[in-house]
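What follows is each chain in one-letter form.
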Amino acid sequence: MTIKRLFGFIATVATALALTGCGYNQFQQLDEQSKAAWSEVLNQYQRRADLVPNIVASVKGEASFEQDTLTKVIEARSKATSIQATPDLVNNPEAFNKFQQAQGELSSALSRLMVVSERYPDLKANQAFRDLRVTLEGTENRITVARNRYIQTVQEYNVLARSFPNNLTAMVMGYKPKANFTVQNEAEISKPPVVDFSAPAASKP
């Protein structure tokens, strides 16, 4: 081995050790984890979006059902699915916030629809609709679990990116903090939107 090659080998090893000591490998690990967590979030949101047409079809069978409530669900789904949820979305805070807002509007519209459906005995007795409601509840729970996993992973990544001396590695390698989910009430992160399956209380005379 020539002296030139020897120095090159030593420089390579030194660089590798320096990167390891400055969190390079940890950046790679958390970056991959966040990508996987984000993919799962998208999968569960898509699962919910795919449920909406069947829910709408079932509700349309109830002739007197509130059309405004149904229209809001249809419009919210259209808005949510119109946003191209690419992996790069998490690196664009403005686009990420629009995506988050659209999904929140769909959650609210669906929750409202389920509450209103309690007023229609025939709809509540429809087995297909009841099955869809159970599936929706399960999907909302899946979304919550996926979101929480993403929130935790991104939080770890962002702390690493802002901590010395790892922030120097982040600056050199171009690792920027990732966008994360936010809510007005942090306690709401731990639970899905309320979907009430109980029968409405009888009104007092």
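In this text the structure is predicted, and so the values were computed from the model without any measurement. (Residues numbered from 1 in each chain as written. Predicted model: local features only at pLDDT ≥ 70, side-chain atom pairs only at ≥ 80, totals over all residues. Heavy atoms only, no water.)

Engineer: Teacher, can you tell me more about the environment of N92 here?
Structural biologist: Considering the arrangement of structural elements, one finds N92 in the loop between α3 (67–82) and α4 (93–117). Sequence-wise, N92 and A179 are 87 residues apart; in three dimensions their C-alpha atoms are separated by 7.1 Å. (Helix = DSSP H or I, 4+ residues; strand = E, 2+ residues; numbered from the N terminus.)

Engineer: What's the story with helix α2 (residues 24–60) in this structure? I'm lost.
Structural biologist: Because an α-helix completes one turn every 3.6 residues, residues spaced three or four positions apart along the sequence face the same direction. Look at α2: 55 Å from first C-alpha to last across 37 residues, which is about the 54 Å you get at 1.5 Å a residue. The largest bend in α2 comes to about 25 degrees, at V52, with the proline P53 one to four residues further on. (Expected span 1.5 Å × (residues − 1). Bend = angle between axes of the 7 residues up to and from the residue.)

Engineer: Just checking my understanding: could you explain α3 for this structure?
Structural biologist: For α3, which comprises 16 residues, the first-to-last C-alpha distance of 22 Å matches the rise-based estimate of 22 Å (1.5 Å per residue) to within 8%. Restricting attention to buried positions, one finds in α3 the residues T69, L70, V73, A76 and A80. Burial along α3 is one-sided: seen end-on, the buried residues are contained in an arc of 125 degrees. Counted as exposed and oriented over 90 degrees from the buried face of α3: E75 and S82. Where α3 is buried, its residues touch α2 and α4. (Buried < 20%, exposed > 50% of the residue type's maximum accessible area, 1.4 Å probe, protein only. Arc of directions from axis to C-beta. Contact = heavy atoms within 4.5 Å.)

Engineer: Explanation requested: the confidence of the model for the protein chain in the structure shown.
Structural biologist: Note: predicted coordinates in regions of low pLDDT should not be interpreted at a detailed level. Across the protein chain, pLDDT averages 80, with 78% of residues at or above 70. Overall, residues 6–20 carries pLDDT values under 50, and its contacts beyond four positions in sequence, including any with other chains, amount to 4 contacts. Here residues 184–205 scores under 50 on pLDDT; set against residues more than four positions off or in separate chains, the count is 27 contacts. (pLDDT = per-residue confidence, 0-100.)

Engineer: What is the right way to read the pattern of salt bridges from this model?
Structural biologist: When their charged atoms lie close together, side chains carrying opposite charge are able to pair. Within this structure, the stated rule accounts for 10 salt bridges. Between K178 and D31 there is a salt bridge; the shortest N-O distance is 2.9 Å. Placement of K178 in the segment after α7 (166–173) and of D31 in helix α2 is noted, with a sequence separation of 147 residues between them. In terms of burial, K178 and D31 fall into one category: buried. Several salt bridges share partner residues, and in doing so they unite D31, E32, K35 and K178 into one network. (Salt bridge = Lys/Arg side-chain N within 4 Å of Asp/Glu carboxyl O.)

Engineer: Mind showing me how you'd approach the nonpolar core here?
Structural biologist: Considering soluble globular proteins, one finds that nonpolar side chains tend to be buried as a cluster. If you look at the biggest cluster of nonpolar residues, it comprises 22 residues, and the most contacted ones within it are I55, V59, F65, V73, L110, L113 and F129. Sorting the residues of this core by element identifies α2, α3, α4 and α6 (127–162) as the ones contributing at least two each. For L110, the residues in contact, after removing those within four places along its chain, are R48, V52, I55, V73, L136 and E140. Counting 16 residues, the second-largest nonpolar core is a separate cluster that includes L89, Y150, I151 and V154. (Core = buried A, V, L, I, M, F, W, Y, C linked by side-chain atoms within 4.5 Å.)

Engineer: What should I look at first to understand a nonpolar patch on the surface in this one?
Structural biologist: Side chains of F164, L168 and M171 sit close together on the surface and give an oily, nonpolar patch of about 380 Å² of accessible area. Counting through the fold element by element, L168 comes out in helix α7. (Patch = residues over 30% accessible without salt bridge, like charges linked within 9 Å, V, L, I, M, F, W, Y side chains within 5 Å. Areas by Shrake-Rupley, 256 points an atom, 1.4 Å probe, with all protein chains shown as cover.)

Engineer: I'm lost on the packing of aromatic side chains in this one. Help?
Structural biologist: We describe a pair of aromatic rings using the distance from one ring centre to the other and the angle between the two ring planes. For the structure on display, the rule yields 11 aromatic pairs. Aromatic side chains W38 and F181 sit 6.2 Å apart centroid to centroid with 40 degrees between the ring planes, which places their arrangement in the tilted category. Here the residue W38 occupies a position in helix α2, and F181 occupies one in the segment after α7, the gap between them amounting to 143 residues. Per residue, the accessibility class of W38 equals that of F181, and both read buried. Each ring, one from F96 and one from F181, has its centre 5.1 Å from the other, and the planes form 55 degrees; the classification is tilted. Here the residue F96 occupies a position in helix α4, and F181 occupies one in the segment after α7, the gap between them amounting to 85 residues. As far as the burial class goes, F96 and F181 line up, both buried. These aromatic residues form a ring-pair network of at least three members: W38, Y45, F96, F99, Y150 and F181. (Phe/Tyr/Trp six-rings, centres within 6.5 Å; stacked < 30°, edge-to-face > 60°.)

Engineer: Please explain the environment of R47 as it appears in this structure.
Structural biologist: When you line up the elements, R47 lands in helix α2. Taking the relative accessible area as the measure of exposure, R47 reaches 33% and is therefore partly exposed. Measuring from C-alpha to C-alpha, the distance between R47 and E140 comes to 9.7 Å, with 93 residues separating the pair along the chain.

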